[in-house]
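Reading the structure
In case you want the letters, here they are:
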Amino acid sequence: MRKPIIAGNWKMNKTPEEAKTLVTELAPLVKDATCEVVVCVPFVDLALVKKALKGTKIKLGAQNVHWAESGAFTGEISASMLKELKVEYVIIGHSERRQYFGETDQTVNAKIKAAIANGIKVIVCVGETLEQHEQDETITVVSRQTIEAFKDIPKEDLKKIVIAYEPIWAIGTGKTSSPEDAEETISVIRKTIKKLYGSAPSEAIRIQYGGSMNPKNAKELMAMPSIDGGLIGGASLKAEDFAKVVNY
Ligand code: PEP
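Let me begin by describing the structure that accompanies this report. (Residues numbered from 1 in each chain as written. Predicted model: local features only at pLDDT ≥ 70, side-chain atom pairs only at ≥ 80, totals over all residues. Heavy atoms only, no water.)

1. Description of the overall build of the protein
- Helices and strands together make up the secondary structure of the protein, namely eleven helices and eight strands.
- Dimensions along the principal axes, computed over C-alpha positions, put the protein at roughly 45 × 45 × 35 Å.
- Burial statistics for the protein: of 248 residues in total, 53% are counted as buried.
- Of the contacts formed within the protein by residues at least 6 apart in sequence, a portion of 72% connects residues at least 24 apart.
- For the protein, the exposed area adds up to about 11600 Å²; of that, 54% sits on carbon and sulfur atoms.
- For the protein, the centre of its 33 positive side-chain charges and the centre of its 32 negative side-chain charges are spaced 7 Å apart. (Helix = DSSP H or I, 4+ residues; strand = E, 2+ residues; numbered from the N terminus. Buried < 20%, exposed > 50% of the residue type's maximum accessible area, 1.4 Å probe, protein only. Contact = heavy atoms within 4.5 Å. Areas by Shrake-Rupley, 256 points an atom, 1.4 Å probe, with all protein chains shown as cover. Lys, Arg positive; Asp, Glu negative; His and termini not counted. Charge placed at Lys NZ, Arg CZ, Asp CG, Glu CD.)

Following this line, the structure appears as C-alpha coordinates:
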(Lines give C-alpha, C1' and ligand atoms only; values in the text may rest on other atoms or scores of the structure.)
Protein backbone atom coordinates (compact mmCIF):
# COMPACT_ATOMS: atom_id res chain seq x y z
CA MET A 1 0.00 0.00 0.00
CA ARG A 2 1.38 3.39 -1.00
CA LYS A 3 0.55 6.23 1.39
CA PRO A 4 -0.69 9.21 -0.62
CA ILE A 5 1.32 12.42 -0.37
CA ILE A 6 -0.10 15.86 -1.01
CA ALA A 7 2.42 18.68 -1.22
CA GLY A 8 1.86 22.39 -1.63
CA ASN A 9 4.25 24.26 -3.89
CA TRP A 10 3.97 27.87 -2.84
CA LYS A 11 6.37 29.04 -5.58
CA MET A 12 7.49 32.67 -5.01
CA ASN A 13 4.61 33.55 -2.71
CA LYS A 14 4.28 34.43 0.98
CA THR A 15 6.69 36.43 3.11
CA PRO A 16 7.86 34.74 6.34
CA GLU A 17 5.07 36.35 8.37
CA GLU A 18 2.44 35.48 5.74
CA ALA A 19 3.81 31.95 5.66
CA LYS A 20 3.48 31.62 9.41
CA THR A 21 -0.13 32.79 9.24
CA LEU A 22 -0.95 30.32 6.45
CA VAL A 23 0.46 27.24 8.18
CA THR A 24 -1.09 28.27 11.49
CA GLU A 25 -4.50 28.36 9.74
CA LEU A 26 -3.79 25.15 7.87
CA ALA A 27 -2.62 22.92 10.73
CA PRO A 28 -5.99 22.39 12.48
CA LEU A 29 -7.74 21.87 9.13
CA VAL A 30 -5.52 18.93 8.19
CA LYS A 31 -4.99 17.36 11.60
CA ASP A 32 -6.99 14.25 10.65
CA ALA A 33 -5.49 13.83 7.18
CA THR A 34 -4.80 10.26 6.18
CA CYS A 35 -2.21 11.26 3.59
CA GLU A 36 1.24 12.73 4.13
CA VAL A 37 1.05 16.54 4.01
CA VAL A 38 3.97 18.73 2.94
CA VAL A 39 4.37 22.46 2.36
CA CYS A 40 7.21 23.48 0.04
CA VAL A 41 7.90 27.09 0.90
CA PRO A 42 10.36 29.78 -0.26
CA PHE A 43 13.85 29.49 1.30
CA VAL A 44 13.43 32.59 3.48
CA ASP A 45 10.25 31.14 5.03
CA LEU A 46 11.78 27.82 6.06
CA ALA A 47 12.98 28.67 9.57
CA LEU A 48 9.81 30.42 10.68
CA VAL A 49 7.53 27.81 9.10
CA LYS A 50 9.49 25.01 10.77
CA LYS A 51 8.78 26.62 14.14
CA ALA A 52 5.11 27.12 13.31
CA LEU A 53 4.78 23.46 12.24
CA LYS A 54 5.99 22.10 15.58
CA GLY A 55 3.46 19.64 16.97
CA THR A 56 1.55 19.40 13.66
CA LYS A 57 1.62 16.59 11.11
CA ILE A 58 2.63 18.92 8.27
CA LYS A 59 6.12 18.35 6.88
CA LEU A 60 8.52 21.01 5.67
CA GLY A 61 9.74 21.17 2.08
CA ALA A 62 11.87 23.45 -0.10
CA GLN A 63 11.48 24.14 -3.81
CA ASN A 64 15.05 23.79 -5.09
CA VAL A 65 18.57 22.88 -4.03
CA HIS A 66 22.04 23.15 -5.55
CA TRP A 67 23.98 20.01 -6.43
CA ALA A 68 27.28 21.11 -4.90
CA GLU A 69 28.03 20.84 -1.21
CA SER A 70 29.37 24.43 -1.02
CA GLY A 71 31.39 26.91 -3.05
CA ALA A 72 31.24 29.79 -5.48
CA PHE A 73 27.58 29.57 -6.54
CA THR A 74 26.21 33.01 -5.71
CA GLY A 75 22.59 32.97 -4.71
CA GLU A 76 22.32 29.20 -4.38
CA ILE A 77 21.41 26.99 -1.41
CA SER A 78 23.03 23.64 -0.59
CA ALA A 79 21.41 20.47 0.69
CA SER A 80 23.38 20.64 3.95
CA MET A 81 21.91 24.12 4.56
CA LEU A 82 18.42 22.69 4.08
CA LYS A 83 19.26 19.75 6.30
CA GLU A 84 20.26 22.04 9.16
CA LEU A 85 16.86 23.74 8.87
CA LYS A 86 15.24 20.28 9.18
CA VAL A 87 13.81 20.34 5.68
CA GLU A 88 12.30 16.93 4.94
CA TYR A 89 11.45 17.22 1.23
CA VAL A 90 12.74 19.21 -1.70
CA ILE A 91 11.11 19.68 -5.10
CA ILE A 92 13.61 19.11 -7.90
CA GLY A 93 13.17 19.75 -11.62
CA HIS A 94 9.92 21.71 -11.48
CA SER A 95 9.03 22.78 -15.02
CA GLU A 96 9.35 26.45 -14.06
CA ARG A 97 12.95 25.80 -13.05
CA ARG A 98 13.56 23.83 -16.25
CA GLN A 99 11.95 26.60 -18.33
CA TYR A 100 13.26 29.79 -16.67
CA PHE A 101 16.42 28.74 -14.84
CA GLY A 102 18.16 26.35 -17.19
CA GLU A 103 17.46 23.17 -15.22
CA THR A 104 18.35 20.11 -17.31
CA ASP A 105 17.91 16.37 -16.90
CA GLN A 106 21.56 16.29 -15.81
CA THR A 107 21.26 18.98 -13.12
CA VAL A 108 18.06 17.33 -11.91
CA ASN A 109 19.95 14.07 -11.47
CA ALA A 110 22.86 15.79 -9.67
CA LYS A 111 20.46 17.62 -7.35
CA ILE A 112 18.63 14.42 -6.46
CA LYS A 113 21.94 12.84 -5.45
CA ALA A 114 22.89 15.88 -3.33
CA ALA A 115 19.54 15.90 -1.53
CA ILE A 116 19.62 12.19 -0.79
CA ALA A 117 23.24 12.36 0.40
CA ASN A 118 22.01 14.86 2.98
CA GLY A 119 19.01 12.83 4.09
CA ILE A 120 16.44 14.99 2.30
CA LYS A 121 13.63 13.29 0.41
CA VAL A 122 12.92 14.36 -3.14
CA ILE A 123 9.85 15.24 -5.17
CA VAL A 124 11.14 15.08 -8.74
CA CYS A 125 8.97 16.62 -11.44
CA VAL A 126 8.51 15.34 -14.97
CA GLY A 127 6.04 16.45 -17.61
CA GLU A 128 5.52 17.48 -21.20
CA THR A 129 4.93 20.90 -22.79
CA LEU A 130 1.72 21.70 -24.67
CA GLU A 131 3.55 21.31 -27.97
CA GLN A 132 4.92 17.90 -26.98
CA HIS A 133 1.46 16.93 -25.78
CA GLU A 134 -0.13 17.92 -29.08
CA GLN A 135 2.53 16.04 -31.04
CA ASP A 136 1.94 12.86 -29.03
CA GLU A 137 5.39 13.00 -27.47
CA THR A 138 4.26 12.74 -23.85
CA ILE A 139 5.41 9.18 -23.33
CA THR A 140 8.81 9.77 -24.95
CA VAL A 141 9.40 12.93 -22.92
CA VAL A 142 8.39 11.65 -19.49
CA SER A 143 10.22 8.35 -20.03
CA ARG A 144 13.43 10.19 -20.95
CA GLN A 145 13.09 12.60 -18.01
CA THR A 146 12.52 9.67 -15.64
CA ILE A 147 15.47 7.62 -16.96
CA GLU A 148 17.82 10.62 -16.75
CA ALA A 149 16.59 11.70 -13.31
CA PHE A 150 17.28 8.24 -11.88
CA LYS A 151 20.66 7.72 -13.55
CA ASP A 152 23.02 6.00 -11.07
CA ILE A 153 20.52 6.28 -8.23
CA PRO A 154 20.72 2.98 -6.31
CA LYS A 155 17.60 0.93 -5.73
CA GLU A 156 17.73 1.43 -1.96
CA ASP A 157 17.32 5.19 -2.43
CA LEU A 158 14.05 4.85 -4.30
CA LYS A 159 11.99 5.02 -1.13
CA LYS A 160 13.36 8.55 -0.61
CA ILE A 161 11.96 9.74 -3.93
CA VAL A 162 8.47 10.76 -5.01
CA ILE A 163 7.77 11.49 -8.68
CA ALA A 164 5.38 14.29 -9.64
CA TYR A 165 3.88 13.99 -13.11
CA GLU A 166 3.02 17.53 -14.10
CA PRO A 167 1.85 18.20 -17.65
CA ILE A 168 3.21 21.72 -18.15
CA TRP A 169 0.12 22.85 -20.06
CA ALA A 170 -1.93 22.13 -16.93
CA ILE A 171 0.22 24.11 -14.47
CA GLY A 172 -1.42 27.32 -13.33
CA THR A 173 -3.76 27.30 -16.32
CA GLY A 174 -6.93 25.88 -14.81
CA LYS A 175 -6.74 23.08 -17.40
CA THR A 176 -6.42 19.68 -15.77
CA SER A 177 -5.44 16.43 -17.35
CA SER A 178 -8.37 14.03 -17.36
CA PRO A 179 -7.97 11.46 -14.59
CA GLU A 180 -7.74 8.74 -17.26
CA ASP A 181 -4.96 10.52 -19.20
CA ALA A 182 -3.03 11.24 -16.00
CA GLU A 183 -3.44 7.61 -14.98
CA GLU A 184 -2.16 6.41 -18.35
CA THR A 185 0.97 8.58 -18.27
CA ILE A 186 1.67 7.75 -14.64
CA SER A 187 1.41 4.05 -15.50
CA VAL A 188 4.06 4.60 -18.17
CA ILE A 189 6.31 6.31 -15.62
CA ARG A 190 5.80 3.34 -13.30
CA LYS A 191 6.69 0.96 -16.12
CA THR A 192 9.86 2.95 -16.74
CA ILE A 193 10.81 2.53 -13.07
CA LYS A 194 10.03 -1.18 -13.43
CA LYS A 195 12.43 -1.47 -16.36
CA LEU A 196 15.13 0.30 -14.36
CA TYR A 197 14.65 -1.32 -10.96
CA GLY A 198 12.21 -4.22 -11.21
CA SER A 199 8.70 -4.88 -10.07
CA ALA A 200 8.71 -4.27 -6.31
CA PRO A 201 10.33 -0.77 -6.41
CA SER A 202 8.01 0.25 -9.24
CA GLU A 203 4.98 -0.78 -7.20
CA ALA A 204 6.32 0.96 -4.09
CA ILE A 205 7.29 4.35 -5.54
CA ARG A 206 4.75 7.13 -5.12
CA ILE A 207 3.75 9.16 -8.16
CA GLN A 208 1.78 12.37 -7.75
CA TYR A 209 -0.24 14.28 -10.29
CA GLY A 210 0.24 18.05 -10.52
CA GLY A 211 -1.43 20.67 -12.71
CA SER A 212 -4.42 22.74 -11.59
CA MET A 213 -5.44 20.18 -8.98
CA ASN A 214 -7.94 21.83 -6.68
CA PRO A 215 -10.78 21.11 -4.23
CA LYS A 216 -13.17 20.38 -7.13
CA ASN A 217 -11.12 17.79 -9.01
CA ALA A 218 -8.94 16.25 -6.27
CA LYS A 219 -11.31 13.41 -5.45
CA GLU A 220 -11.62 12.05 -8.98
CA LEU A 221 -7.88 12.33 -9.60
CA MET A 222 -7.08 10.63 -6.30
CA ALA A 223 -9.51 7.83 -7.15
CA MET A 224 -7.22 6.62 -9.94
CA PRO A 225 -5.22 3.56 -8.88
CA SER A 226 -1.81 4.88 -9.98
CA ILE A 227 -2.16 8.43 -8.64
CA ASP A 228 -0.61 8.61 -5.17
CA GLY A 229 -1.12 12.25 -4.37
CA GLY A 230 -0.78 15.73 -5.74
CA LEU A 231 1.65 18.59 -6.13
CA ILE A 232 -0.50 21.65 -5.66
CA GLY A 233 0.43 25.18 -6.71
CA GLY A 234 -2.31 27.82 -6.71
CA ALA A 235 -4.71 25.91 -4.46
CA SER A 236 -2.02 25.55 -1.76
CA LEU A 237 -1.93 29.28 -1.10
CA LYS A 238 -5.23 29.35 0.79
CA ALA A 239 -5.49 27.19 3.90
CA GLU A 240 -9.12 26.25 3.24
CA ASP A 241 -8.52 25.21 -0.37
CA PHE A 242 -5.39 23.23 0.39
CA ALA A 243 -7.12 21.51 3.32
CA LYS A 244 -9.98 20.50 1.02
CA VAL A 245 -7.51 18.89 -1.37
CA VAL A 246 -5.70 17.15 1.50
CA ASN A 247 -9.00 15.88 2.90
CA TYR A 248 -10.23 14.84 -0.55
C1 PEP B 1 2.83 23.37 -9.50
O2 PEP B 1 3.31 24.46 -9.31
O3 PEP B 1 3.51 22.35 -9.35
C4 PEP B 1 1.40 23.27 -9.89
C5 PEP B 1 0.89 22.11 -10.16
O6 PEP B 1 0.72 24.45 -9.94
P7 PEP B 1 -0.89 24.61 -10.10
O8 PEP B 1 -1.51 23.69 -9.10
O9 PEP B 1 -1.14 26.05 -9.79
O10 PEP B 1 -1.23 24.24 -11.49
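2. Brief notes about the pairing of strand β1 (residues 5-9)
- Extensive coverage of β1 is indicated by the burial of five of its five residues.
- The two faces of β1 match: I5, A7 and N9 on one face and I6 and G8 on the other face are all buried.
- This β-α-β element, β1 to helix α1 (residues 16-29) to strand β2 (residues 36-40), shows right-handed connectivity. (Right-handed = clockwise from strand over helix to strand, strands pointing away.)

3. Regarding the pattern of salt bridges
- Applying the stated criterion across every chain yields a total of 15 salt bridges.
- Put simply, R206 and E36 hold a salt bridge, and the shortest N to O gap is 2.7 Å. Remark: E36 occurs in strand β2 and R206 occurs in strand β7 (residues 206-210); sequence separation between them is 170 residues. The burial state of R206 is the same as that of E36; both residues are buried.
- For D105, the salt bridge is made with R98, and the minimal N-O distance between the two is 2.8 Å.
- For D105, a relative accessible area of 10% translates into the label buried.
- One salt-bridge network, held together by shared partners, links E36, K59, E88, K121 and R206. (Salt bridge = Lys/Arg side-chain N within 4 Å of Asp/Glu carboxyl O.)

4. Comments concerning the packing of helix α5 (residues 105-117) against helix α7 (residues 138-149)
- α7 packs onto α5 with a crossing angle of 40 degrees between their chain directions and a minimal axis gap of 8 Å. When the interaxial angle is binned, α5 and α7 end up oblique. Considering only the axes of α5 and α7, their crossing is right-handed. Together, D105, Q106, V108, N109 and I112 of α5 and R144, Q145, E148 and A149 of α7 make up the contact between the two elements. (Axes fitted to C-alpha atoms, helices over the stretch in contact; angles between N-to-C directions. Parallel < 35°, antiparallel > 145°, perpendicular 65-115°, else oblique. Left-handed = near helix turned anticlockwise from the far one by under 90°.)

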